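# Report on the structure
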Amino acid sequence: KAGVTQTPRYLIKTRGQQVTLSCSPISGHRSVSWYQQTPGQGLQFLFEYFSETQRNKGNFPGRFSGRQFSNSRSEMNVSTLELGDSALYLCASSGTEVNTEAFFGQGTRLTVV
Amino acid sequence: AQSVTQLDSQVPVFEEAPVELRCNYSSSVSVYLFWYVQYPNQGLQLLLKYLSGSTLVKGINGFEAEFNKSQTSFHLRKPSVHISDTAEYFCAVSDLYDYKLSFGAGTTVTVRA
């Protein structure tokens, strides 16, 4: 069974640009969550989608958005990039009705210059 | 809302020695508890989880953890570490009906020969 796949693995963007990151969950998983990991703030929850609906959202500005497609694949978008958005963005998928286990992808390393 | 405190930011340890990583959490509701490991430039891998039942939980790679409800702790232990256990370890909590994981700041374990 393939794991959670995140693309691309690495990205370099310029301040002010926008970026879209992609996550393909494990087959059959309907929940996809996104996390931002930085040295200063650690791992922070961005949002969670289940069956194309956002069920939960973390404390991030509106520049951070996401969506989920009917095949459970998810994308997150960051508009008007700032230097502080440089981070490892991790996607996790869960297949159970409650959060008994989240499987993480390898992440997308975003560098904003 | 939940929060997690990992009491040690760095733990140096010699190969074949035991190690304990301490984690305390706060929550007003019942929770699930997790330990994840992260190797450099990788995503998070689940080591073990406490959902219910026995308070002593065994995980992969010889790790185990004990849930203590009265002390709101979930400490991770390994009786004999290997060089390959060098990594960052995260304690996480979620409530029973929420896919959002709240993480501690992480503990970096460095195993020396």
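Everything below is about the structure printed above this text.
## What to know about the overall build of chain B
A count of helices and strands for chain B gives zero helices and 12 strands. Against the 2.2 N^0.38 benchmark of 13 Å for 113 residues, chain B shows a C-alpha radius of gyration of 13 Å, consistent with a compact globule. Taking the principal axes of the C-alpha coordinates as reference, chain B spans close to 45 × 30 × 20 Å. Across the 113 residues of chain B, 47% fall into the buried class. Carbon and sulfur atoms form 50% of the exposed surface of chain B, whose accessible area is close to 5400 Å².

## Thoughts on the overall build of chain A
Assigned secondary structure in chain A consists of zero helices and 11 strands. Ordered by position from N to C terminus, the α and β elements of chain A give β-β-β-β-β-β-β-β-β-β-β. Reported as C-alpha extents along the three principal axes, the dimensions of chain A are approximately 40 × 25 × 25 Å. Buried residues in chain A amount to 50% of all 113 residues. Taking the intrachain contacts of chain A between residues at least 6 apart in sequence as the baseline, contacts between residues at least 24 apart amount to 53%. Of the charged side chains in chain A, 11 are positive and 7 negative; the average position of the first set lies 6 Å away from that of the second.

## Focus on the nonpolar core
Among soluble globular proteins, nonpolar side chains are generally buried collectively. B:Trp35, B:Leu48, B:Leu76 and B:Tyr89 are the most contacted members of the largest nonpolar core, which has 27 residues in total. Counting 21 residues, the second largest nonpolar core, distinct from the first, contains A:Phe47, A:Phe64, A:Val78 and A:Leu110.

## Here's the deal with the side chain of B:Lys78
All names here are of chain B. Its place among the elements puts lysine 78 in strand E9 (residues 73-78). Since its relative accessible area comes to 6%, lysine 78 is described here as buried. In terms of polar contacts, lysine 78 uses its side chain to reach the backbone carbonyl oxygen of asparagine 61, at 2.8 Å. Among residues more than four places away in sequence, those in contact with lysine 78 are Ala17, Pro18, Val19, Asn61, Gly62, Phe63 and Asp85.

About the thresholds
- Residues numbered from 1 in each chain as written.
- Chains lettered and ligands numbered in written order.
- Predicted model: local features only at pLDDT ≥ 70, side-chain atom pairs only at ≥ 80, totals over all residues.
- Heavy atoms only, no water.
- Helix = DSSP H or I, 4+ residues; strand = E, 2+ residues; numbered from the N terminus.
- Rg over C-alpha atoms; globule rule 2.2 N^0.38 Å.
- Buried < 20%, exposed > 50% of the residue type's maximum accessible area, 1.4 Å probe, protein only.
- Areas by Shrake-Rupley, 256 points an atom, 1.4 Å probe, with all protein chains shown as cover.
- Contact = heavy atoms within 4.5 Å.
- Lys, Arg positive; Asp, Glu negative; His and termini not counted.
- Charge placed at Lys NZ, Arg CZ, Asp CG, Glu CD.
- Core = buried A, V, L, I, M, F, W, Y, C linked by side-chain atoms within 4.5 Å.
- Polar contact = N/O pair within 3.5 Å; in protein donor to acceptor, adjacent residues only side chain to side chain.

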